[in-house]
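Reading the structure
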Amino acid sequence: MVQTRLVRENFYCIEDERVRQFLITGKEESILIDTGFADSHVADAVKSVTDTPVKVLLTHADRDHIGGLSDFEEVYLNEKDWGLVSIPIRLRDLCEGDCFSCGGYRLEVVSIPGHTYGSVAFVDWENRLLLPGDSVQKEGPIYMFGPHRNLDLYIESLRKLLPIADKIDTILPCHHECPIDSGYIMKNLQDALALREGKLEGEKHPSLPCSTFRGIWTQFYR
Ligand SMILES: [Zn+2]
């Protein structure tokens, strides 16, 4: 059962213990970021808050973010993740620099491939917010195994986000602690570099085909 909390003006977190979505409400239209697992019924949670039409933006297309897609007709997702969507739905591309305004927020798309090839973050410069999907997290795990992930690109993307750290105050990740401070971009980068350099010790995961690598700040499934 998801819980809905107002965390800032016109800005809600919809979450259960597994994953978190964000809803920004406007007078004429609202924006939903990610749709959770199918059994989270995020669309119902949205309807309990607003009856405006809802524009759905996806940070990426892992199944814990797209499970609720069948409740919507159209969704914005970076083209590189379209292949991960298996249900029939109208897809619209989400590209670097695209902007979406709603409820006093203006989200700009920053492409951050790596966690998936089509991963994006949303930055609100005015409100000094970063919504990084799964790509910046405290604790993690950040999934980094399987054919649709790329550690080198992930590291490049964190480097791309680094200069943004000075221009934001708050990071709103889709998993675990939220909010976290902007220092986590650098912290995740340091851990990701240690992972790539083979400096983290791995422990075989009991059920997934990967190992757990614990860094100082976060952990990776690799
Ligand atoms: Zn996720």
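Reference entry: report on the structure contained in this document. Per chain, residues are indexed from 1 in the order of the written sequence. Local features are withheld for residues below a pLDDT of 70 in this predicted model, meaning they are given only at 70 or higher, and side-chain atom pairs are given and counted only at 80 or more; totals for whole chains, interfaces and linings count all residues. The basis for every side-chain value is the complete set of heavy atoms in the structure, and neither hydrogens nor water enter the calculation.

1. Concerning the overall build of the protein
Across its full length, the protein holds four helices and 17 strands. On C-alpha atoms alone, the protein measures out to a radius of gyration of 17 Å, which is about the 17 Å that the 2.2 N^0.38 rule sets for 222 residues. Expressed along its principal axes, the backbone C-alpha trace of the protein runs to roughly 50 × 35 × 30 Å. Taking all 222 residues of the protein together, 56% fall into the buried category. Between two residues, a contact is recorded if the distance between any of their heavy atoms is within 4.5 Å. Pairs at least 24 apart in sequence give 53% of the contacts found in the protein among residues at least 6 apart. Working definition: helices are DSSP H or I runs of at least four residues, strands are E runs of at least two. Numbering for both runs from the N terminus. Atoms considered for the radius of gyration are the C-alpha atoms alone. The globule rule reads 2.2 Å times the number of residues to the power 0.38. When a residue's accessible area, from a 1.4 Å probe over protein chains only, is under 20% of the maximum for its type it is buried; when over 50% it is exposed; and in between it is partly exposed.

2. Re the coordination of the zinc ion
Coordination partners: N, O, S within 2.8 Å of the metal, 3.2 Å for Na, K and Ca; water not considered, so apparent gaps in a site are possible. The coordination sphere of the zinc ion, as far as protein atoms go, consists of Asp64 (OD), His65 (NE2), Asp134 (OD) and His175 (NE2), spread over 2.1 to 2.2 Å. A site with four donors is called tetrahedral when every donor-metal-donor angle falls between 85 and 135 degrees; four donors are called square planar, and six octahedral, when opposite donors sit more than 155 degrees apart and all other angles fall between 65 and 115; any other arrangement is irregular. Relative to the metal, the four donor atoms surrounding the zinc ion lie at angles of 86 to 161°, and the coordination shape comes out irregular. Here the donor residues of the zinc ion share one chain and are spaced in sequence as D-H-x68-D-x40-H. Here histidine 65, found in helix 2 (residues 63-66), pairs with aspartate 134, found in the loop between strand 11 (129-131) and strand 12 (139-143); they are 69 residues apart in sequence, far enough to count as distant. Neither residue differs from the other here; histidine 65 and aspartate 134 are each classed as buried.

3. Topic: the layout of surface pockets
In this analysis the probe radius is 1.4 Å and the grid spacing 1 Å, with only protein atoms considered; a cavity is a set of points the probe fits into but cannot get out of, a pocket is an open set with protein on both sides within 12 Å along at least five of seven lines, and lining residues have an atom within 4 Å of a point. Grid points are joined across faces, edges and corners, and a volume is the space filled by probe spheres set on the points. Considered as a void within the structure, the largest pocket measures approximately 400 Å³ in volume. Looking at the largest pocket, it is lined by 17 residues, and the ones nearest its centre are Phe37, Arg63, Asp64, Tyr143 and His175. Contributions of two or more residues to the lining of the largest pocket are made by helix 2 and strand 12. Basically, the charged four are Asp, Glu, Lys and Arg, the nonpolar ten are Ala, Val, Leu, Ile, Met, Phe, Trp, Tyr, Cys and Pro, and anything else, Gly included, counts as polar. Considered class by class, the residues forming the lining of the largest pocket number six nonpolar, five polar and six charged. Estimated volume of the second largest pocket: approximately 210 Å³. Every residue lining the second largest pocket is listed: Glu29, Pro53, Val54, Lys55, Val56, Asp71, Phe72, Glu73, Glu74, Tyr76 and Arg90. At the level of elements, strand 5 (54-57) and strand 6 (74-76) are the ones that each hand at least two residues to the lining of the second largest pocket. Residue contributions to the lining of the second largest pocket peak at three residues, all from strand 5. Here the residues of the lining of the second largest pocket are counted per class, giving five nonpolar, no polar and six charged.

4. Quick look at the pattern of salt bridges
Definition used for salt bridges: Asp or Glu carboxyl oxygen within 4 Å of a side-chain nitrogen of Lys or Arg. In total, this model carries 14 salt bridges according to the counting rule given. Here aspartate 62 ties to arginine 149 by a salt bridge, and the two come within 3.0 Å at their closest N and O atoms. Residue aspartate 62 is located in the loop between strand 5 and helix 2, and its partner arginine 149 is located in the loop between strand 12 and helix 3 (151-161); the two are separated by 87 residues in the primary sequence. Of the two residues, aspartate 62 and arginine 149, both sit in the buried class. One salt-bridge network, in which partners are shared between bridges, spans Arg5, Glu15 and Arg20.

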